[in-house]
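One-letter residues, chain by chain:
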Amino acid sequence: SQYSAVDTNPLSVYIMQPIWNKIIKIVPLWIAPNLLTFSGFVMILFNYFLISFYDWDYTASGTSPGLVPTWVWLFSAFSTFCAYALDSIDGKHARRTQSSTPLGELFDHGLDSWATSIFVLSFFSVCSRDNGKTGVSVYTMYIYLSIVLFNFMCSHWEKYNTGVLFLPWGYDISQVVLIAAYLLTGTFGVEIWQKPLLFGYYITDVLVILLIGFSLFLSFPQTLYNIHRAHLKKTLKNDSLYEGLLPLVSPLLLFVLLTVWVVLSPSNILAKQPRVFLWMVGVAFSNVICKVIVCQMSSTRPELFHWFLFPLALVVYAAISGLLGCMEEGVLAMFTALVTAAHVHYGVCVGRQLSEHLNIYIFSLKKRVQE
């Protein structure tokens, strides 16, 4: 299917696009677009592990400001900007080198679906956990992450139904806000987030309110409107309501199971291991979305229940019924490792199959020699 995306965000159209058009001129023509995409993702990943090293339990900013060195925040701003730039120019570079392929599209969106949660999890270190005075609670973090992932899912669910990817406005805005937040933290220290801004509200509260507002009152209605418009124009990909809603079943069940675990966990698993739990949420979600992206690109039907749901349901049942007892954290760690390994394995396999099928290399513009 021909790739089509629509971007109407003024920030993107008038400010960022001209910048990307300048940056793209520096990229040598022999570099494969997927290499740009992947480099950006690796930077985000490296940055996340760097922050995790200094702030494993999300308390550094609240209880011991200065625990995360200034250079880490500045590096976060730099790596976020680079990843944002690379993610924005990879498609332009593919058109420039006449190497646009379905593999590139899948690679880009697949890595985005994972990067989305990693951006959010890195940012939580800026806000810090609730310590009675400042910070956000781990439950707010979980809801915040879920809303961001819900947004991401909506744009791909919309593409599954309309064939067009309407780039969410939130994306460019969130990237610019993230970079600014890291720069401010690096310049003025984490204390800047711990003073009330307006009417006793903290900046972090304002960001949360903005995020929820943007998602529920801008992105989601826009998605429904675009699908409705396609329905009126008779350009919908799927005739039946069941077919149209099918991709939403697994993500929603995933969210329900995870929420049940969070709320009913005997050892309060989210408070004990926020980093591991939220990482697992992001990875599981990314894999579910990748399957939807593959179906949407290959015009096939997504399966009703993603296979992650079955082991997850078992783990959640064992945890909330008290069967796991003191092993709950250990089982979470094992399940997280399993899901992460499965997701990486899935990505490698799909990449390999597509590169063989399309007769191209993933990270090189050389053509494969036909056997």
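Given the structure is predicted, the values throughout are model-derived calculations rather than measurements.

Turning our attention to the pattern of salt bridges. Counting across every chain of the model gives four salt bridges. Measuring nitrogen to oxygen at the nearest pair gives 2.7 Å for the salt bridge that ties glutamate 105 to lysine 159. With a gap of 54 residues between them, glutamate 105 in helix α5 (residues 102-127) and lysine 159 in helix α6 (residues 138-162) connect regions that are remote in the sequence. Among the salt bridges present, the one from glutamate 329 reaches lysine 272, with a minimum N-O distance of 3.7 Å. You can see glutamate 329 sitting in helix α13 (residues 328-357) and its partner lysine 272 sitting in helix α10 (residues 269-272), a full 57 residues away along the chain. Glutamate 329 gets classed as partly exposed once you look at its relative accessible area, which sits at 27%. Given the relative accessible area of 47%, lysine 272 is considered partly exposed.

In this section: the packing of aromatic side chains. Applying the stated rule across the entire model yields 24 aromatic pairs. A centroid spacing of 6.4 Å and a plane angle of 70° characterise the contact between tyrosine 142 and phenylalanine 277, whose relative ring orientation is edge-to-face. Residue tyrosine 142 is located in helix α6, and its partner phenylalanine 277 is located in helix α11 (residues 274-298); the two are separated by 135 residues in the primary sequence. In this pair, the class of tyrosine 142 matches that of phenylalanine 277, namely buried.

Take empty space enclosed by the protein next. Enumeration according to the criterion identifies two cavities of 30 Å³ or more in this entry. Size it by volume and the largest cavity reaches roughly 40 Å³. The set of elements that each furnish at least two residues to the lining of the largest cavity consists of α2 (33-54), α4 (70-96) and α5. Its residues assigned to classes, the lining of the largest cavity comprises two nonpolar, four polar and no charged. By volume, the second largest cavity is sized at about 30 Å³. Put simply, the parts of the chain that give the lining of the second largest cavity at least two residues each are α5 and α6. When grouped by side-chain class, the residues that make up the lining of the second largest cavity number six nonpolar, one polar and no charged.

Let's shift gears to α5. For α5, which comprises 26 residues, the first-to-last C-alpha distance of 38 Å matches the rise-based estimate of 38 Å (1.5 Å per residue) to within 8%. The sharpest bend along α5 comes to roughly 30°, located at tryptophan 114. Across the 26 residues that make up α5, a large majority, 25, are buried.

With that settled, consider unusual backbone geometry. Even without a glycine there, the phi angle at tyrosine 58 is positive, about 60°. Position of tyrosine 58 relative to the elements: it lies in the loop between α2 and α3 (60-63). Phi at glutamine 98 is positive, roughly 50°, even though this residue is not glycine. For glutamine 98, the position within the fold is in the loop between α4 and α5.

Basis of the calculations
Residues numbered from 1 in each chain as written. Predicted model: local features only at pLDDT ≥ 70, side-chain atom pairs only at ≥ 80, totals over all residues. Heavy atoms only, no water. Salt bridge = Lys/Arg side-chain N within 4 Å of Asp/Glu carboxyl O. Helix = DSSP H or I, 4+ residues; strand = E, 2+ residues; numbered from the N terminus. Buried < 20%, exposed > 50% of the residue type's maximum accessible area, 1.4 Å probe, protein only. Phe/Tyr/Trp six-rings, centres within 6.5 Å; stacked < 30°, edge-to-face > 60°. 1 Å grid on protein atoms, 1.4 Å probe; cavity = no way out; pocket = protein on both sides within 12 Å on 5 of 7 lines; lining within 4 Å. Points joined across faces, edges and corners; volume = space filled by probe spheres on them. Nonpolar A, V, L, I, M, F, W, Y, C, P; charged D, E, K, R; others polar. Expected span 1.5 Å × (residues − 1). Bend = angle between axes of the 7 residues up to and from the residue.

By themselves, these figures tell us nothing about what the structure is for.
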